[in-house]
Amino acid sequence: MKILTQNFNIRHEPGKMTYHCHDFWQIDYYSHVETRVKIKLDDKSDYLDDTRFVLIPPRCMHQFRHFSACRISALKFMPEDNSPYKDLKAAALNIADYKNVFDGIFTTSIAENELDTKVREHYLEILLLRFLQQFRYGRTVQTKIHDERLSESIYYMKRKVNSNLNLEKLASKANMSVNHFIRCFKREFGMTPMRYSRKLVIRKAIEMLNYSELSLIEIGDQLGFPDQHCFSRAFRRETGLPPGTYRKLQREPK
């Protein structure tokens, strides 16, 4: 793995770049995003916010459109010539699904010294291997929303991960009545909006249990649970384990 260029936290003004491709890999992460960044990857469109990053392989036609000022961190890199990644497709990936790898790429010291670069190259290799594993075994998550009216509701849910989300508020984001919103949401995702929201909350809880030193009470409070019992019950319902047991198992030496 060889990093060609790396830039971090560069300010970008609103605008649209030229539709283009190149012969190297690229990974982009947008932060301080007030309005989602629209991306076009070959013939597919998607959106980025500060909960996602995009992985672009060589010769993928792509374009970014910034509707508001934002900051971008980007790396351009090339794997070894005999790497197994040639069949991978461009994708917008959820940070929570790659959290430890993402941290190694974007929160490793940005000083441009040889050691930091080697660490970052190591994490890029892990990222591609994990994505390849998902690609080959069919575990990639569909990110395209077919009913675009639901996009703003999903965006709001991901930005406001909390167990107290209001169904009327979510429906208003889609400009729908509550009953119509529920029907459309179930048709799109196979579950109710509140079930989807609970899954986001528990995924956030897992991230906090793995990567923070917050107590269980602090995590439950930040996620909007009225008390520790409610947090533990919701977590156990989704994972089969109480949050304390989950954290202990994850931190035991392998």
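Structure first, text after, so check above.
The sections below set out a description of the structure shown in this document. The shown structure was predicted, so the numbers you read here are calculated from the model rather than taken from an experiment. (Residues numbered from 1 in each chain as written. Predicted model: local features only at pLDDT ≥ 70, side-chain atom pairs only at ≥ 80, totals over all residues. Heavy atoms only, no water.)

Further remarks concern the overall build of the protein. When helices and strands are tallied, the protein shows 9 helices and 9 strands. Whereas a compact globule of 254 residues would reach a radius of gyration of roughly 18 Å, the protein reaches 19 Å, a difference of no more than 12%. With respect to the three principal axes, the spread of C-alpha positions in the protein is 50 × 45 × 35 Å. In the protein, which comprises 254 residues, the proportion classed as buried is 43%. Sequence separation of at least 24 residues holds for 73% of the intrachain contacts in the protein that already meet a minimum separation of 6. Entry remark: accessible area of the protein is about 14100 Å², with carbon and sulfur atoms responsible for 50%. Here the protein contributes 42 positively and 31 negatively charged side chains, and the mean placements of these two sets differ by 6 Å. (Helix = DSSP H or I, 4+ residues; strand = E, 2+ residues; numbered from the N terminus. Rg over C-alpha atoms; globule rule 2.2 N^0.38 Å. Buried < 20%, exposed > 50% of the residue type's maximum accessible area, 1.4 Å probe, protein only. Contact = heavy atoms within 4.5 Å. Areas by Shrake-Rupley, 256 points an atom, 1.4 Å probe, with all protein chains shown as cover. Lys, Arg positive; Asp, Glu negative; His and termini not counted. Charge placed at Lys NZ, Arg CZ, Asp CG, Glu CD.)

Attention now moves to the sheet that holds strand β1 (residues 2–12). Across the sheet, which stays open at both edges, the 5 strands sit in the order β1-β8-β3-β6-β9 with antiparallel pairing between neighbours. Strands at the two margins of the open sheet, each flanked by one partner only, are β1 and β9 (91–94). Direction aside, neighbouring strands of the sheet carry axes that sit 20 degrees apart on average. Note: strand β3 (residues 25–31) against strand β6 (residues 52–56), 4 bridges, orientation antiparallel. Paired with D28 across the bridge in β6 is V54. This element, helix α1 (residues 99–106), spans β1, β3, β6 and β8 (70–78) of the sheet and lies at about 95 degrees to β3. (Pairing = 2+ DSSP bridges. Axes fitted to C-alpha atoms, helices over the stretch in contact; angles between N-to-C directions.)

Quick look at unusual backbone geometry now. The backbone of N9 sits at a positive phi, close to 60 degrees, despite the residue not being glycine. Residue placement: N9 occurs in strand β1. Taking the relative accessible area as the measure of exposure, N9 reaches 38% and is therefore partly exposed. Unusually for a residue other than glycine, N175 sits at a positive phi of about 55 degrees. Here N175 is to be found in the loop between α4 (167–173) and α5 (178–189). Judged by its relative accessible area of 74%, N175 is exposed.

This part covers a positive patch on the surface. Together, K16, K38, K40 and R65 line one region of the surface with positive charge. Take K40: it is sitting in strand β4 (residues 37–41). (Patch = residues over 30% accessible without salt bridge, like charges linked within 9 Å, V, L, I, M, F, W, Y side chains within 5 Å. Salt bridge = Lys/Arg side-chain N within 4 Å of Asp/Glu carboxyl O.)

Turning our attention to the side chain of R52. With respect to the element layout, R52 can be found in strand β6. On the basis of relative accessible area, R52 is assigned to the buried category, the value being 6%. In terms of polar contacts, R52 uses its side chain to reach the side chain of D46, at 3.1 Å. (Polar contact = N/O pair within 3.5 Å; in protein donor to acceptor, adjacent residues only side chain to side chain.)

For the rest of this paragraph, the subject is helix α3 (residues 151–159). The set of residues buried in α3 consists of S151, S153, I154, Y155, Y156 and M157. On its buried face, α3 sits against α4, α5 and α6 (193–211).

What follows concerns the packing of aromatic side chains. Evaluated as defined, the whole model comprises 15 aromatic pairs. Ring geometry for Y30 against F64: centres 5.8 Å apart, planes inclined by 40 degrees, an arrangement best described as tilted. Of this pair, Y30 sits in strand β3 while F64 is found in strand β7 (residues 62–66), placing the two residues 34 residues apart along the sequence. By relative accessible area, which is 1% here, Y30 ends up buried. Classification of F64 by relative accessible area gives buried; the value is 0%. Plain terms: the ring middles of F53 and F102 are 5.6 Å apart, the flat faces sit at 40 degrees to each other, and that makes the pair tilted. Here F53, found in strand β6, pairs with F102, found in helix α1; they are 49 residues apart in sequence, far enough to count as distant. Geometry around Y155 places R36 over its ring, the cationic atom sitting 4.8 Å from the centre. (Phe/Tyr/Trp six-rings, centres within 6.5 Å; stacked < 30°, edge-to-face > 60°. Lys NZ or Arg CZ within 6 Å of the ring centre and 35° of its normal.)

So far we have only geometry, and geometry alone does not tell us how the molecule works.
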